[in-house]
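Here is what each chain is made of, one letter per residue.
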Amino acid sequence: MHAMTQATTKVPHPAMAFKPEARGISAEAAWLLAQARNAAYAEAAHGRVGQGLMVLMDALEQEPMAHDLLSDMAALLLSAGELKHAESYARQALAISPEHGASLYTLAFAQGGQGSALQALQTLRQLLQGDALLSLMSEAPDLYPVAQTELARLEALLG
């Protein structure tokens, strides 16, 4: 799982600046959530993944149904090698937003890392088509080639 190892050692989107999104909350609340996401990734980029996770946990207390915060938790947990927890948070995000590309990406790599290659293959196939692909390309286009490479590897492995 060489491709998997490479993908999980990097923290996704360390320099990405998140902008507030409209989701039925006030502009001020959206801005605070965006700031929390940015702060969490800044902490992780400096090697303080645990501190980044704490920032996200605090934000989730304010907005527990925010799929982007849940997805960020999953991504940071994946980068820390906490695959079961990463899968759990990715699934929570997907329960809210089923075609969220970044969450599907994290779910696929968490599944693969836990030895569930067939599930990872199915998740990657879902990710690389339709609305999920559009979501990935709009939010995290740098993850697209990694997902394609892992899909090809799993297809070759599983036949």
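Residues numbered from 1 in each chain as written. Predicted model: local features only at pLDDT ≥ 70, side-chain atom pairs only at ≥ 80, totals over all residues. Heavy atoms only, no water.

1. Examining helix 2 (residues 27-45)
Then step 1. The terminal C-alpha atoms of helix 2 lie 27 Å apart, and with 19 residues this matches the ideal 27 Å at 1.5 Å per residue to within 8%.
Then step 2. Taken as a whole, helix 2 has its buried residues at Ala30, Leu33, Ala34, Ala36, Arg37, Ala40, Tyr41 and Ala44. Seen along its axis, helix 2 keeps its buried residues to an arc of 155°; they face one direction. Across helix 2 from its buried face, at more than 90 degrees, point the exposed residues Ala27 and Glu28.
Then step 3. Looking at the buried side of helix 2, the elements it contacts are helix 3 (49-62), helix 4 (67-79) and helix 8 (130-139).
Then step 4. Taken from the residues just after helix 2, Gly47 is the one with a positive phi, measuring 85°. (Helix = DSSP H or I, 4+ residues; strand = E, 2+ residues; numbered from the N terminus. Expected span 1.5 Å × (residues − 1). Buried < 20%, exposed > 50% of the residue type's maximum accessible area, 1.4 Å probe, protein only. Arc of directions from axis to C-beta. Contact = heavy atoms within 4.5 Å.)

2. Points about the packing of helix 3 against helix 4
Then step 1. Running from amino to carboxyl end, helix 3 crosses helix 4 at an angle of 160°, the nearest separation of the two axes being 10 Å. Here helix 3 lies roughly antiparallel to helix 4, going by the angle between them. The way helix 3 lies across helix 4 gives a crossing that is left-handed. Contact residues: helix 3 offers Val49, Gly52, Leu53, Leu56, Met57, Ala59 and Leu60, while helix 4 offers Leu69, Leu70, Asp72, Met73, Leu76, Leu77 and Ser79.
Then step 2. Of the residues contributing to the contact of helix 3 with helix 4, the split by class is 11 nonpolar, two polar and one charged. (Axes fitted to C-alpha atoms, helices over the stretch in contact; angles between N-to-C directions. Parallel < 35°, antiparallel > 145°, perpendicular 65-115°, else oblique. Left-handed = near helix turned anticlockwise from the far one by under 90°. Nonpolar A, V, L, I, M, F, W, Y, C, P; charged D, E, K, R; others polar.)

3. Some details on the side chain of Ser103
Then step 1. Secondary-structure assignment places Ser103 in helix 6 (residues 101-113).
Then step 2. Leaving out residues up to four positions away in the same chain, Ser103 has contacts with Ser71, Ala90, Ala93 and Leu94.

4. Some points on the side chain of Arg37
Then step 1. One can find Arg37 in helix 2.
Then step 2. Here Asp72 takes part through its side chain, which lies 2.5 Å from a polar atom of the side chain of Arg37. (Polar contact = N/O pair within 3.5 Å; in protein donor to acceptor, adjacent residues only side chain to side chain.)

5. Quick look at the packing of aromatic side chains
Then step 1. For the structure on display, the rule yields one aromatic pair.
Then step 2. Measuring from centroid to centroid gives 4.6 Å for Tyr105 and Phe109, while their planes differ by 40°, and the two rings are tilted. Of this pair, Tyr105 and Phe109 both sit in helix 6, four residues apart, which is roughly one turn of the helix. One exposure class covers both Tyr105 and Phe109, and it is buried. (Phe/Tyr/Trp six-rings, centres within 6.5 Å; stacked < 30°, edge-to-face > 60°.)

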